[in-house]
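What follows is each chain in one-letter form.
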Amino acid sequence: DLEEGLLSVVTQKTGQRVTIAISQDFSEWLANTPQGIGKAPVFTELHETATGGRKGLSSQFRLIMDEVGVAYKTVKRHGTKGRDRNSKGFHSLRHTFISALANAGVPKDVRQKIVGQLDEKVHAHYTHLEIDTFRAAIAKLPRLG
């Protein structure tokens, strides 16, 4: 909804509807993009692409990371459950986004609603605070004398 500046999606994992404000940069980009009008997909070339598999979005993202020299390592699964995964990938952007919000001082409950996370432990796993965030917190303490 460009008029209201809102983006609303239903998450695949939980089926929860998440509505967030669109950033000014994204809003301006959308306004100058002919795709994505009404219910049409914004990224038409990616719309029907699966996320997994050799030709999926995750593999395409890994190729982009290789091209620009982003280093990552394969983390082996533990035991017989799960799967091997890369230490960095498209999903890392979720960590980056949540951490950027946290380091900008956005409260935890707001961050959780923006990304559609219900579980506080999961959210804590995605939140990586920078040392400058700790310095800023300590600087808020009143000085003695």
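See the structure printed just above.
Each chain carries its own residue numbering, running from 1 in the written order of its sequence. Where local features are concerned, this predicted model is filtered to residues with pLDDT of at least 70; where side-chain atom pairs are given and counted, the filter is 80 or more; whole-chain, interface and lining totals use all residues. Side-chain descriptors were evaluated using all non-hydrogen atoms of the structure, hydrogens and water having been removed beforehand.

**Student:** Looking at this model, I keep getting lost on the pattern of salt bridges. Mind explaining?
**Tutor:** Opposite charge on two side chains permits pairing when their charged atoms draw close. Any Lys or Arg side-chain nitrogen found within 4 Å of a carboxyl oxygen on Asp or Glu counts as a salt bridge. Applying the stated criterion across every chain yields a total of two salt bridges. Across the pair lysine 108 and glutamate 120 runs a salt bridge, and its minimum N-O distance is 3.1 Å. Here lysine 108, found in helix α4 (residues 108-115), pairs with glutamate 120, found in helix α5 (residues 120-126); they are 12 residues apart in sequence, far enough to count as distant. With its nearest N and O atoms 3.0 Å apart, the salt bridge here joins arginine 135 to aspartate 132. With arginine 135 and aspartate 132 both in helix α6 (residues 131-139), this residue pair falls three residues apart, about one helical turn. In this description a helix means any DSSP run of H or I spanning at least four residues, a strand means any run of E spanning at least two, and both kinds are numbered starting from the N terminus.

**Student:** What's the story with the pairing of strand β2 (residues 17-21) in this structure? I'm lost.
**Tutor:** Consecutive side chains of a regular strand alternate in pointing toward one face of the sheet and then the other. When DSSP finds at least two bridges between two strands, those strands are taken to pair. As paired strands, strand β1 (residues 6-10) and β2 are joined by five bridges and run antiparallel to one another. Considered in β2, the bridge of valine 9 is made with valine 18. The hairpin turn running from β1 into β2, its antiparallel successor, is six residues long, and glycine 15 in that turn takes a positive phi close to 75 degrees.

**Student:** What is the right way to look at the packing of helix α3 (residues 92-103) against α4 in this model?
**Tutor:** Pairs of packed helices are described in terms of their axes, by the angle between the two and the distance that separates them. Contact pair α3 / α4: the axes reach a minimum separation of 10 Å and the direction vectors enclose 150 degrees. Relative to α4, the element α3 lies roughly antiparallel. In the packing of α3 onto α4, the handedness of the crossing is right-handed. In this structure, α3 uses Arg94, Phe97, Ile98, Leu101 and Ala102 to contact α4, whose residues at the interface are Arg111, Ile114 and Val115. Just so you know the grouping, Ala, Val, Leu, Ile, Met, Phe, Trp, Tyr, Cys and Pro go in nonpolar, Asp, Glu, Lys and Arg go in charged, and all remaining residues, Gly too, go in polar. Across the contact of α3 with α4, the residue classes tally to six nonpolar, no polar and two charged. Note on definitions: angles span 0 to 180 degrees between N-to-C directions of axes, and those axes are lines fitted to C-alpha atoms, for helices only across the stretch in contact. When an angle is under 35 degrees it counts as roughly parallel; over 145 it counts as roughly antiparallel; between 65 and 115 it counts as roughly perpendicular; any other value is oblique. Should the near helix be turned counterclockwise from the far one by less than a right angle, the crossing is left-handed, whereas a clockwise turn marks it as right-handed. Contacts: residue pairs with any heavy atoms within 4.5 Å of one another.

**Student:** It is not clear to me how the packing of aromatic side chains should be interpreted in this structure. Could you clarify?
**Tutor:** Two descriptors summarise a pair of aromatic rings, namely the distance from one centre to the other and the angle between the planes of the rings. Any pair of Phe, Tyr and Trp rings, taking the six-membered ring for Trp, is counted once the centres come within 6.5 Å. Such a pair is stacked with planes under 30 degrees apart, edge-to-face with planes over 60 apart, and tilted for the rest. One pass over the full model with this rule turns up two aromatic pairs. Between phenylalanine 26 and tryptophan 29, the aromatic rings sit 5.9 Å apart at their centres with planes inclined by 10 degrees, giving stacked as the arrangement. Note that phenylalanine 26 and tryptophan 29 are positioned in helix α1 (residues 24-31) at a spacing of three residues, about one turn of the helix.

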